[in-house]
Each structure stands twice: as structure tokens, then as C-alpha cells.
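Residue-level listing of the chains:
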Amino acid sequence: DWQTRVTVNTKEFEAALRRIELVARENANRVILRIAEGSMELQAVTQGVGEGSEEVNIKLEGNPLTLGFNARYLIDVLSVIDSEECWLVLRGSTNPGMIQPVSDLDYKYVLMPVILREEERK
């Protein structure tokens, strides 16, 4: 059961995460994903370092969502997926999420989101 399913180009998502991770490193690699119709914004804010954002095109099924993940964990899985596209399958901002290659339904990578502060969810 999922509430939100995002289809995204695997390499574009990975490249955007690698760029945003430069800002996120000093803040436990926290990256905020703001998922909306047609695009997903990746944002990182670190005091003393600054902030950055990237945007990738997506296909959204279900509900828009804002949640956070450790960028390093996302990069680790995306770097080994051979499929051109992958799914980010979500059941809310505090439940485990899953990444799955569109072309290999047997492979599933489950990861826990980070808890966002109220001001980060806006």
C-alpha cells in the first residue's frame, strides 16, 4: 500500500542528490524532498554553510508530500540501480519508504525517513 509513488530518472535523481549533499554534509546529510505534481525539489540547509536546492522532473501518482532522508543512503542505492527510471514509493512522511527500479520488481530498498522540524515541512 502506498500513498505516493514517484517515477524519476535514476541518474538525474542521483546527480541532484550528489550536488545537494555538499550542503547537507554538515547537517547529518539531511535532505528535504518536496514532492509535487511534475517536480521534486531537493533542499538542504546547514547553519554556517548555507542552503541549496535542486529540482528534478517526476511523474507523481497519489498525494504530494514533504519528507526528509539521509542523502548518503539515497545516493548509495541509486548508484547501483541499472534501470533508467526508479520508483520512490512512500506511505507518509514518517513511515519507511522504498526505492525500486522500474525494470526490476524483485529489487527493493527500504529506508527510514528523518523526522523534519515543523518549519522544514513548509
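Computed from a predicted model, the values in this text were never measured in an experiment.

A. Molecular detail of the overall build of the protein chain. Secondary structure summary: the protein chain contains two helices and eight strands in total. Here the protein chain has a C-alpha radius of gyration of 13 Å; the compact-globule value for 122 residues is 14 Å, and the two agree. Counting only C-alpha atoms and orienting by the principal axes, one finds that the protein chain spans roughly 40 × 25 × 25 Å. Burial status across the protein chain gives 48% buried among its 122 residues. Across the protein chain, every contact between residues at least 6 apart in sequence was considered, and the portion connecting residues at least 24 apart equals 60%. Accessible area for the protein chain stands at about 6500 Å²; split by element, carbon and sulfur atoms hold 45% of it.

B. Quick peek at the pattern of salt bridges. Tallying each qualifying case throughout the model produces seven salt bridges. Of the charged contacts in the structure, one is a salt bridge between glutamate 54 and arginine 19, with a shortest N-O distance of 2.9 Å. Taken as a pair, glutamate 54 in strand S4 (residues 50-62) and arginine 19 in helix H1 (residues 10-24) lie far apart in primary sequence, 35 residues in all. Of the charged contacts in the structure, one is a salt bridge between aspartate 76 and arginine 72, with a shortest N-O distance of 3.3 Å. Placement of both aspartate 76 and arginine 72 in helix H2 (residues 71-78) is noted, with a separation of four residues, approximately one turn of the helix. Via salt bridges that share partners, Lys11, Glu14 and Arg18 belong to a single interconnected network.

C. How the structure looks around the pairing of strand S2 (residues 30-36). Burial of S2 is extensive: six of the seven residues sit out of reach of the surface. Where S2 meets strand S5 (residues 65-70), six bridges bridge the pair, whose relative direction is antiparallel. Among the inter-strand pairings, valine 31 is bridged to a residue of S5, identified as phenylalanine 69. The pairing of S2 with strand S3 (residues 39-46) spans five bridges and is antiparallel.

D. Structural detail: the nonpolar core. Counting 31 residues, the largest nonpolar core has Phe13, Leu17, Leu33, Ile35, Met40, Leu42 and Ile99 as its most contacted members. It is H1 that contributes the most residues to this core, six residues altogether. If we ignore the near neighbours within four places in the chain, the residues touching leucine 33 are Phe13, Met40, Glu41, Leu42, Leu65, Thr66, Leu67, Phe69 and Leu88.

E. Geometry of the packing of aromatic side chains. Under the criterion given, the structure shown has zero aromatic pairs. Between the NZ or CZ atom of arginine 5 and the centre of the ring of tryptophan 87, over which it lies, the distance is 4.2 Å.

F. Quick peek at the pairing of strand S1 (residues 4-9). The element S1 is extensively covered by neighbouring structure, given that six of its six residues are classed as buried. Side chains of S1 alternate between two faces, with Thr4, Val6 and Val8 and Arg5, Thr7 and Asn9 buried alike. Bridging between S1 and S4 involves five bridges; their strand directions are antiparallel. Note on S4: the bridge partner recorded for valine 8 is isoleucine 58. Pairing analysis gives six bridges linking S1 to strand S6 (residues 85-90), with the strands arranged antiparallel. Directly across from arginine 5, in S6, lies its bridge partner valine 89.

Scoring rules and cut-offs
Residues numbered from 1 in each chain as written. Predicted model: local features only at pLDDT ≥ 70, side-chain atom pairs only at ≥ 80, totals over all residues. Heavy atoms only, no water. Helix = DSSP H or I, 4+ residues; strand = E, 2+ residues; numbered from the N terminus. Rg over C-alpha atoms; globule rule 2.2 N^0.38 Å. Buried < 20%, exposed > 50% of the residue type's maximum accessible area, 1.4 Å probe, protein only. Contact = heavy atoms within 4.5 Å. Areas by Shrake-Rupley, 256 points an atom, 1.4 Å probe, with all protein chains shown as cover. Salt bridge = Lys/Arg side-chain N within 4 Å of Asp/Glu carboxyl O. Pairing = 2+ DSSP bridges. Core = buried A, V, L, I, M, F, W, Y, C linked by side-chain atoms within 4.5 Å. Phe/Tyr/Trp six-rings, centres within 6.5 Å; stacked < 30°, edge-to-face > 60°. Lys NZ or Arg CZ within 6 Å of the ring centre and 35° of its normal.

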